[in-house]
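# Structural characterization, general
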Number of protein chains: 2
Amino acid sequence: MLKIIPLGGLGEIGLNMMVFEYGDDVFVVDAGLMFPEDYMLGVDIVIPDMEYLKGNAHRVKAVVITHSHEDHIGALPYLLREISVPVYGTAFSIGMIQHKLSDFDYPIEADLRTVRPGDTLDIGVFSIRFIRVSHSTVDGVGLAIRTPLGLVVHTGDFRINHNSIDGMITDVNAFALCGKEGVLALLSDSTNVESKGYTISDESVGQTLEQLINDAPGRVIVALFASNVARIQQIVDIARKKNARVVINGRSMELSVRVARELGYLSFPEGMEMGLVEMGQACDEKVIMITTGSQGEPMSALSRMAEGNHKQIRIREGDTVILSSKSIPGNEKAITAIINSLYRRGANVIYNKMADVHVSGHAFQEELKLMMSLTKPRYFIPIHGEYRHLVHHARLAVETGIPKERVLLAENGQTVLFDEGGARMGNVVQSGRVLIDGKGIGDVGRSVLRERRILSEDGIAVVTMVIDQETGVVLYGPELISRGFVFWTETGHVLDDAQCVILEIVEDVGPEVSNRVEIIRARLQKALRQYFYFTIRRRPIILAQIFEV
Amino acid sequence: MLKIIPLGGLGEIGLNMMVFEYGDDVFVVDAGLMFPEDYMLGVDIVIPDMEYLKGNAHRVKAVVITHSHEDHIGALPYLLREISVPVYGTAFSIGMIQHKLSDFDYPIEADLRTVRPGDTLDIGVFSIRFIRVSHSTVDGVGLAIRTPLGLVVHTGDFRINHNSIDGMITDVNAFALCGKEGVLALLSDSTNVESKGYTISDESVGQTLEQLINDAPGRVIVALFASNVARIQQIVDIARKKNARVVINGRSMELSVRVARELGYLSFPEGMEMGLVEMGQACDEKVIMITTGSQGEPMSALSRMAEGNHKQIRIREGDTVILSSKSIPGNEKAITAIINSLYRRGANVIYNKMADVHVSGHAFQEELKLMMSLTKPRYFIPIHGEYRHLVHHARLAVETGIPKERVLLAENGQTVLFDEGGARMGNVVQSGRVLIDGKGIGDVGRSVLRERRILSEDGIAVVTMVIDQETGVVLYGPELISRGFVFWTETGHVLDDAQCVILEIVEDVGPEVSNRVEIIRARLQKALRQYFYFTIRRRPIILAQIFEV
């Protein structure tokens, strides 16, 4: 019996992780992270709950990576800490993973193995063929997984293009061959299912960029995702044509360029590169900077340039800044803040609303239908998307002619079983999200998040007091300290009144009661809560530290 | 000399407030709020800094309101607390303001005066003519302000339509008459300057809604902005045609419907209305609910229905939910969370990405150009927008033929002066944003926000300890309490180690030192800060309460 178990990415964008099982042969496709939701205050990253894999560690044979984006490799260090198995991926993915592991808080010994499109990899009963797909990073692959019950196609993240900058075109023939052979199930990327038609071509983006760069009166700064090697190539090519030199800026951009160059994925002669300091002396029209920061990240070079805090580069009248990227949901406000600041400094700013300076790496509706037509799957499982995307992709599959009962809408943890009789839903395994905060893995739970929310909205008041055990006299305090709000209203400080409230309670309880500290603490917390709400309409956390000596 | 002073809305979406001055005659157009940015943790609303008006209170004669949206009236109670002057607005605006003031924390005595389009209002040397504009709420007006130096046109928020549901069509003739007379300056809404072409018509939205509602197999729930009376009318009309009854849901929706009905702006017979309880018993196809919550507000009825927590309504297979609204930037994630939850409950959900179920109330590029053509202004000042919008609107004005030197890009606080010689930039007056948190007006400043941010990301640790003054012996504690993080790592509790760190410091300082409490506190905070960063990579706020008795 074949089991397909999504542990992440089916019900959210990000966190992609899928398990394939046949008897004792188990492998994992991708191990991605997700960036925290707004309510996950202070959380650095989110990874999938891997308890299921830990419990089946002895059966897991390998991890297969489709491409190098964080939502596909970001959880890999955490997985490899628990389960030591070989990791297979294409050259660029392996290059990025190597760097990721060396950067990790704990040492990880990893067995990383490079594969190429067209290669076949045997994992127990499984035989996996790697198929080139085009995506917004270089060297992406989909998988044709031969199982004892038939061929399962996992697209990874993909779009379909017919010519490309890096020569990495989705191999429609290979997918068609799968279709010819007969596909048991197609697992396909749902991210852009809400977009009608086809993605625009890389060439048209390139032409737009070239036009904009040629029209720019002075320096040009292009911000994009570091992983978008094809776009970097386009800009390098434009620079070459106009005899300009290129500045590579930002840590992840430098890494991406280095890895891509080493692998021959980027044609970028050393002589064309220029340092930041040199940039200051160069002729304006002869400089193009390629930088990170397109998502408005507050510490990025672009953000520092916009705010006027960058050490080497001052944005000035005549500069042109192109944001050649999309806005990831949640980042819109940070991005528009940078755009506004750049305009204030006199730069001209061009972004997606104004010109087609970006193309998504995820297939639009017509491309998704084409993938179904090519592979002609018996069963269809939409993957990689929020629930609404999965629903829409399922609808699209039905429209395309796949019978409704063979379209399987699974969410994380939901096992899909295949046997001779066909497919059906199996049991639900543990899945979910583990929050990583600093070195803490999973120690930030509901109650901590709740505390952080209250702290962030209303602050905290700490009351400290020392009481004489025998007489009940207050020896020290009450001292009141606040963080996240101030003891102040329009009619004056509320501090004095609050102290009176506390002293009255102490007096009222008196020295005779046995558990007086607990009683005072309880009454004091209640009284202060009411008092703060009444006077300033806030509900800070109240910590009362009362000692008897 | 005529002075135009923006105090809000020129450099942001929201917070609209504009001052007009000629000698001792001063009036204010709009007094809007803004909802807090992400980093303004715990802040309820943001209002403009009104210090300039307070300092000139004796000269201020009136407030004129263009329409009833919160970003135009939300700061009015705070303004009227400081300056008691008559407020002029159309009937619907005044109705909403009345309610707003009665809801306010403090009693406000207000002199509210209703005007109608075509009316002329004299304020000192100024004479203001109200001109009907179409917008996404009912009863909007622009202003033709006659000054001793010429006519100034303030569009308010507007779009241009040629037929409408509520009969409230932007009065292009009135604006053209201004143009004929000669317009000194046009102040025009920049919100949608990035959108090419024209806004779609209300009719096409109505047709789409009608189609969707007629195709729906069961109950229909339409979520929209409460202020969008014309849209409410469209849905009521659709309901009437199909003999369905309408449920009005949500506090602000009920208010809006009540005020609009009273004024005759909404044709909605009592008999067509249905209560929530009745809805449960009604035939599914004969019920349309109109509700708030289109922005994913966590406490809204729609959100509770999506989460399955609504007392009366359970979402089920066959229900259709239409989000007939845009996503306000910053709300996208909350909205998509609701969409996903509704799908999970089996509802069909329709939103702007899927069908044209909403039209913006702000003019697109061609409409903005039309406004310029109609009014033929000598000077142009883009208003209502982030800086980038103002820049783009200024460019559009230049493209339309207004000479560059007569396009004035002012930001909040920047006085624009007009005299016989023309216009020029004057001095900069105090302006900015005041944060309202509960009853606190302006007491949440930079340092409080900074504390809230740290608290929200890393929490707080409170150390309490009582030391014998003479012997230096620790009588009580050290007690360690945390909020917003836990004393836990993969290798065990860090609490015990932290206590050892503290006790060592106390011992090390010894009893002889005179200011030992301060020394212990300083060393302890430093040591704990390092310790927490080393063990769990976090930087909580550390409060040390040390007492000597």
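No experiment lies behind these values; they were computed from the predicted model shown. (Residues numbered from 1 in each chain as written. Chains lettered and ligands numbered in written order. Predicted model: local features only at pLDDT ≥ 70, side-chain atom pairs only at ≥ 80, totals over all residues. Heavy atoms only, no water.)

### Section: the pattern of salt bridges
Residue and element names in this part refer to chain B. A full pass over the atoms with the stated rule returns 66 salt bridges over all chains. Here Glu12 and Arg433 are joined by a salt bridge, their closest N and O atoms 2.7 Å apart. Taken as a pair, Glu12 in the loop between strand 1 (2–8) and strand 2 (17–22) and Arg433 in strand 22 (residues 433–437) lie far apart in primary sequence, 421 residues in all. Given a relative accessible area of 5%, Glu12 falls into the buried group. For Arg433, a relative accessible area of 34% puts it in the partly exposed group. (Salt bridge = Lys/Arg side-chain N within 4 Å of Asp/Glu carboxyl O. Helix = DSSP H or I, 4+ residues; strand = E, 2+ residues; numbered from the N terminus. Buried < 20%, exposed > 50% of the residue type's maximum accessible area, 1.4 Å probe, protein only.)

### With respect to the nonpolar core
Counting 71 residues, the largest nonpolar core has B:Ile47, B:Leu53, B:Leu76, B:Leu79, B:Ile290 and B:Ile322 as the members making the most contacts within it. Among the elements that line this core, the one with the most residues is helix 7 (residues 229–241) of chain B, at six residues. Here B:Ile47 is in contact with B:Leu15, B:Leu33, B:Ala75, B:Tyr78, B:Gly432, B:Arg433, B:Val434 and B:Ile436, once residues within four sequence places are set aside. Listed in part, the 70 residues of the second largest apolar core include A:Met17, A:Val205, A:Ala260 and A:Ile290. (Core = buried A, V, L, I, M, F, W, Y, C linked by side-chain atoms within 4.5 Å. Contact = heavy atoms within 4.5 Å.)

### Topic: the UniProt feature "binding site: Ca(2+)" (unreviewed entry) in chain A
The UniProt record annotates "binding site: Ca(2+)" (unreviewed entry) at A:Gly42, A:Asp44 and A:Asp437. Spatially, the listed residues are clustered: although they cover 396 residues, their C-alpha atoms lie within 6.8 Å of one another. For A:Gly42, the position within the fold is in the loop between strand 3 (25–29) and strand 4 (45–48). Accessibility expressed as a relative area gives 16% for A:Gly42, which makes it buried. Apart from residues no more than four positions distant in its own chain, A:Gly42 is found in contact with A:Asp437, A:Arg452, B:Ser456 and B:Glu457. Structurally, A:Asp44 is set in the loop between strand 3 and strand 4. Owing to a relative accessible area of 42%, A:Asp44 belongs among the partly exposed residues under this scheme. (UniProt positions renumbered as here; feature names shortened; annotations may be inferred.)

### A word on the UniProt feature "domain: Metallo-beta-lactamase" (unreviewed entry) in chain A
Per the UniProt record, "domain: Metallo-beta-lactamase" (unreviewed entry) is annotated on residues 14–209 of chain A. In residues 14–209 of chain A, the share of helix is 23% and the share of strand is 30%. The end C-alpha atoms are 29 Å apart.

### Quick word on the interface of chain A and chain B
Residue-level contacts link 70 residues of chain A with 71 residues of chain B. For the pair chain A and chain B, the two sides together bury roughly 6,300 Å², of which 53% comes from carbon and sulfur. Counting across the chain A and chain B interface gives twelve salt bridges. Put simply, B:Asp105 and A:Arg537 hold a salt bridge, and the shortest N to O gap is 3.6 Å. Summed over the shared surface of chain A and chain B, the number is 35 residue pairs in polar contact (both at pLDDT 80 or more). Listing elements by their share of the side of chain A that touches chain B, those giving two or more residues are helix 11 (332–344), helix 13 (387–399), strand 23 (440–441), helix 14 (446–458), strand 24 (460–467), strand 25 (474–483), helix 16 (516–536) and strand 26 (541–548) of chain A. Examining the composition of the side of chain A that touches chain B, we find that seven residues originate from one element, helix 11 of chain A, more than from any other. (Buried area = accessible area lost by both parts, 1.4 Å probe. Polar contact = N/O pair within 3.5 Å; in protein donor to acceptor, adjacent residues only side chain to side chain.)

### Observations concerning the sheet that holds strand 11 (residues 150–154) of chain B
By way of backbone hydrogen bonds, the strands of a sheet pair with one another, either parallel or antiparallel. All names here are of chain B. Reading across from one edge, 8-9-10-11-12-19 is the order of the six strands in this open sheet, with mixed pairing throughout. Two strands in the sheet have a free side with no partner beyond their single neighbour: strand 8 (120–123) and strand 19 (377–383). In this sheet, adjacent strand axes meet at a mean angle of 20° when their direction is disregarded. Sheet topology places strand 12 (residues 183–189) next to strand 19; six bridges connect them, and they run parallel. Residue Leu187 lies in a different strand from strand 19, and its bridge partner there is Ile381. Against the sheet, helix 5 (residues 172–181) touches strand 9 (126–133), strand 10 (140–147), strand 11 and strand 12, its axis set at about 140° to strand 9. The sheet strands contacting helix 12 (residues 365–375) are strand 11, strand 12 and strand 19, and the helix crosses strand 12 at an angle near 165°. (Pairing = 2+ DSSP bridges. Axes fitted to C-alpha atoms, helices over the stretch in contact; angles between N-to-C directions.)

### Overview of the sheet that holds strand 23 of chain A
All names here are of chain A. Spatially, 4-22-23 is the arrangement adopted by the three strands of the open sheet, whose pairing is antiparallel. Each edge of the open sheet carries a strand with a single partner, namely strand 4 and strand 23. With two bridges joining them, strand 22 (residues 433–437) and strand 23 adopt antiparallel strand pairing. Note on strand 23: the bridge partner recorded for Ile436 is Ile441.

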